[in-house]
Number of protein chains: 2
Amino acid sequence: MINKSAAALPKSYLFSEVGRRVGEYQKENPSANIIRMGIGDVTLPLPKACVDAMKAAADEQLCAATFRGYGPDQGYAFLREAIADNDYKAFGADVSADEIFISDGAKSDCANIQEMFDNDCIVGVSDPVYPVYIDSNGWNGRLGKFADGKWETLVTFPCTPENGFIAAPPVGKRVDLIYLCFPNNPTGAAATRAQLAAWVDYAKTRGAVILFDAAYRAFIRGDEIPRSIYEIEGARDCAIEFGSFSKSAGFTGTRCSWTVVPHSLTVEGEPLHALWTRRQATKFNGVPYVIQRAAEAVYSKEGAEQAAANIEYYRKNAAAIMDALRGMGYPVWGAEHSPYAWVKCPQGLTSWEFFDILLKRANVVCTPGSGFGSCGEGYVRLSAFNTYENTLEAMGRIAALR
Amino acid sequence: MINKSAAALPKSYLFSEVGRRVGEYQKENPSANIIRMGIGDVTLPLPKACVDAMKAAADEQLCAATFRGYGPDQGYAFLREAIADNDYKAFGADVSADEIFISDGAKSDCANIQEMFDNDCIVGVSDPVYPVYIDSNGWNGRLGKFADGKWETLVTFPCTPENGFIAAPPVGKRVDLIYLCFPNNPTGAAATRAQLAAWVDYAKTRGAVILFDAAYRAFIRGDEIPRSIYEIEGARDCAIEFGSFSKSAGFTGTRCSWTVVPHSLTVEGEPLHALWTRRQATKFNGVPYVIQRAAEAVYSKEGAEQAAANIEYYRKNAAAIMDALRGMGYPVWGAEHSPYAWVKCPQGLTSWEFFDILLKRANVVCTPGSGFGSCGEGYVRLSAFNTYENTLEAMGRIAALR
């Protein structure tokens, strides 16, 4: 009667173990000034334009004439149109407002999207990887058994310095559902047009579906790196994309995101847009009206400037991390189009060994790369979501270690 | 590769068909003043205390020191404690704050809860019923095939005037997952302690799990009808409960609800609290902080008074509907502990036939009972979510039909 796959899902101890070790150290060293660069959560305030819009929308709820009850399942048109115009059409990507589904988080959508597919699908993910892609499939028993740290039927694409942490499509191997995340969490790698085009080509040839997580797109600089998979020709026929206001506008606690399901995307003749519409109508009831108004304000002149200023602040931190660590001789990746620096542990240390050194000798918290998959072993992730002063202080402490 | 059960899920045409017929009639009769008593959405403004709390919480997001990023997966303690104290302990129900999971909607939770169980579970629902319970199970293929308007393995509990629209547990029949909703949508029936105790007894004896939807509990009057299944002894060992601010405080567009999973509830030795914790941590990222603050304000002195005043307004409408229709000789149920009146169609008319008469001759929109299941045929649902003036006007028009 119980879902045995769900009950057997291996627990993820990554962040709880980080928290346990930090807590223990802080307890033993109450005066230690610990700088937390492990967490993937934003720290700067919400854009004022978003707060103003939220409050104005809240005031509308005081009067029956402007009160909003149940909204459209798929989200309000005002927000879907703003996303289509500003995040897609402005970049030459052909996405219409009615292909956009507003949701409470990219995590929810990334986790729920697999419900559209059967349990015989072969799932492929990068290694290292955001664990939600794996866990949501494992919950349903789609990955076979978990033994010796591996899922029976999961295909992993190793991401290493040799491939710049961006895997090419597998040769001669079947994968039906392909999770891609660029700019990547945790490595910060950003895929080029040619790299994405190779995946689109693979998916179209094989009848696979790409699930493209673009939650970190706001950190992309310049025009060379595509912000959306729909900038690649043919992607409308094989890809679903997830976007989010969490990192672009500080909405991690405010909760708003979207998923694009193109009308032209079909699997075995079934249009996925209709299926996702049905899924959302059955299992979801929309995002708060006041939150959708706050998200809309991200695209106002003031909101866009305020959100961009926050991103610029985090970018400056990321650049400071990369420059400082490279200056110390550490191999570092990411951090250019991403808030994450992916750092090679020195002297062959494991991720957790280097974690302990950084914690105990520099009072800096990182995230052990091994928590994201076996190819993450020997790396740590440092995050730019902190103050500039703390970032410089942390780098100074790490420099003093050598 | 596609989820064939999901793709084959029969479409629900109920509300779209209602909308189509109303739209067509309005187009042909542009001057008709149509009164909509079909919809289950609230109409009165949010309690001012909730709006004030939401705006204060929004202002906190303007400053890094008070800014909130990712919140606790399970919801903020301030809200979970307020719910435990006011909605459970105050009624003698033994529910602790850490058994409460804050979510974006009772619909989402009602739909997602089945993910904890395997596909061989036997599901039981009342007939008529809120379609989400069925559709969420059908999506996963748990109900077998759908043919001739029936699901292969779904067990239905007929609700008729003979049993007061409240079914007793089945005799000699296995059901593993039992969906109960009291006060009921659509019939408005409210179960007594003895009736709920019979279900708890059945579930405990059979090892079944009750999924208790208490979304309409705010409409219960007096002390005789239990507001929570946890007022029944033994329910903590066999029941999950869903609560919501949608109907109690007008949050249909503001989105906040909760689910109670008691620590003592196990299935095949698996504690469901741990499993649901894992599910939410994997597939959900919490409710906006500002919304949780707004929900907390429902329990403040002002918020509680304002919410109660709104409920009282709807109750007055419900009483007016019941009194008027009974005065005209219609058999009517519900409406006492519920915002819905469940009305027998006159002269053997089908639900849709009576719908058309009410629409075309009285310009009143109802919901055809047959849309909620075969036992709903021959009934319509009228909702109290309207102005008192419109409610009286609608009753006058229906009286004039006779």
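Right, let's walk through the structure included here. (Residues numbered from 1 in each chain as written. Chains lettered and ligands numbered in written order. Predicted model: local features only at pLDDT ≥ 70, side-chain atom pairs only at ≥ 80, totals over all residues. Heavy atoms only, no water.)

### Re the pattern of salt bridges
Considering all chains together, one arrives at 44 salt bridges over all chains under this definition. The salt bridge involving Glu231(B) is made with Arg193(B); its shortest N-O contact spans 3.1 Å. In this pair, Glu231(B) sits in the loop between β8 (209-213) and β9 (239-244) while Arg193(B) sits in helix α7 (residues 193-206), placing the two residues 38 residues apart along the sequence. Under the relative-accessibility criterion, Arg193(B) is labelled partly exposed at 34%. Overlapping salt bridges, with partners in common, bring together Glu115(A), Arg279(A), Lys283(A), Glu115(B), Arg279(B) and Lys283(B) in one network. (Salt bridge = Lys/Arg side-chain N within 4 Å of Asp/Glu carboxyl O. Helix = DSSP H or I, 4+ residues; strand = E, 2+ residues; numbered from the N terminus. Buried < 20%, exposed > 50% of the residue type's maximum accessible area, 1.4 Å probe, protein only.)

### Focus on the sheet that holds strand β2 (residues 100-103) of chain B
Residue and element names in this part refer to chain B. Ordered by their spatial adjacency, seven strands build an open sheet running β2-β10-β9-β8-β7-β3-β6, and the pairing between neighbours is mixed. With partners counted over all chains shown, the strands left at the sheet margins are β2 and β6 (155-158), one partner each. Geometrically, the sheet is characterised by an average inter-axis angle of 20° between neighbouring strands, direction not taken into account. Both β8 and β9 contribute to a ladder of four bridges, which runs parallel. Paired with Asp213 across the two strands is Phe242, which belongs to β9. Helix α4 (residues 77-88) contacts β2, β9 and β10 (257-260) of the sheet and is inclined by roughly 115° relative to β2. Lying over the sheet, helix α6 (residues 131-139) contacts β3 (123-127), β7 (177-181) and β8, oriented at roughly 155° with respect to β7. (Pairing = 2+ DSSP bridges. Axes fitted to C-alpha atoms, helices over the stretch in contact; angles between N-to-C directions. Contact = heavy atoms within 4.5 Å.)

### A short note on unusual backbone geometry
The omega torsion across Asp127(A) and Pro128(A) is 5°, close enough to zero to call that bond cis. Examined against the element boundaries, Pro128(A) turns out to sit in the loop between β3 (123-127) and α6 (131-139). Even without a glycine there, the phi angle at Glu268(A) is positive, about 50°. Among the residues examined, Glu268(A) registers a relative accessible area of 53% and is labelled exposed. For Ala335(B), which is not a glycine, the phi torsion comes out positive at approximately 70°. Mapping Ala335(B) onto the fold places it in the loop between β13 (332-334) and β14 (340-344). Judged by its relative accessible area of 3%, Ala335(B) falls in the buried class.

### Considering the layout of surface pockets
Approximately 1100 Å³ is the volume attributed to the second largest pocket. Taken together, 38 residues make up the lining of the second largest pocket; nearest its centre are Phe15(A), Lys107(A), Tyr130(A), Ala281(B) and Asn285(B). Of all the secondary-structure elements, those providing two or more residues to the lining of the second largest pocket are α2 (14-28), α5 (106-112), α6 and α8 (246-249) of chain A together with α9 (272-283) of chain B. With five residues, α9(B) is the single largest residue contributor to the lining of the second largest pocket. (1 Å grid on protein atoms, 1.4 Å probe; cavity = no way out; pocket = protein on both sides within 12 Å on 5 of 7 lines; lining within 4 Å. Points joined across faces, edges and corners; volume = space filled by probe spheres on them.)

### Examining the interface of chain A and chain B
In this complex, chain A contributes 77 residues to the contact, which on the side of chain B involves 77 residues. Summing both partners gives a buried area of about 6200 Å² for chain A against chain B, and 60% of it is carried by carbon and sulfur. For chain A, the biggest contributors to the area lost against chain B are Met1(A), Trp139(A) and Arg278(A); these three give 15% of the whole. The interface formed by chain A and chain B contains eight salt bridges. Of the charged contacts, one joins Lys4(A) and Asp118(B) as a salt bridge, the two residues approaching to 3.5 Å between their closest N and O atoms. For the side of chain A that touches chain B, the secondary-structure elements that each account for two or more residues are α1 (4-7), α3 (48-60), α5, α6, α9 (272-283) and α10 (289-296) of chain A. For the side of chain A that touches chain B, the element with the highest residue contribution is α9(A), accounting for eight residues. (Buried area = accessible area lost by both parts, 1.4 Å probe.)

These figures come from the coordinates and say nothing about function on their own.
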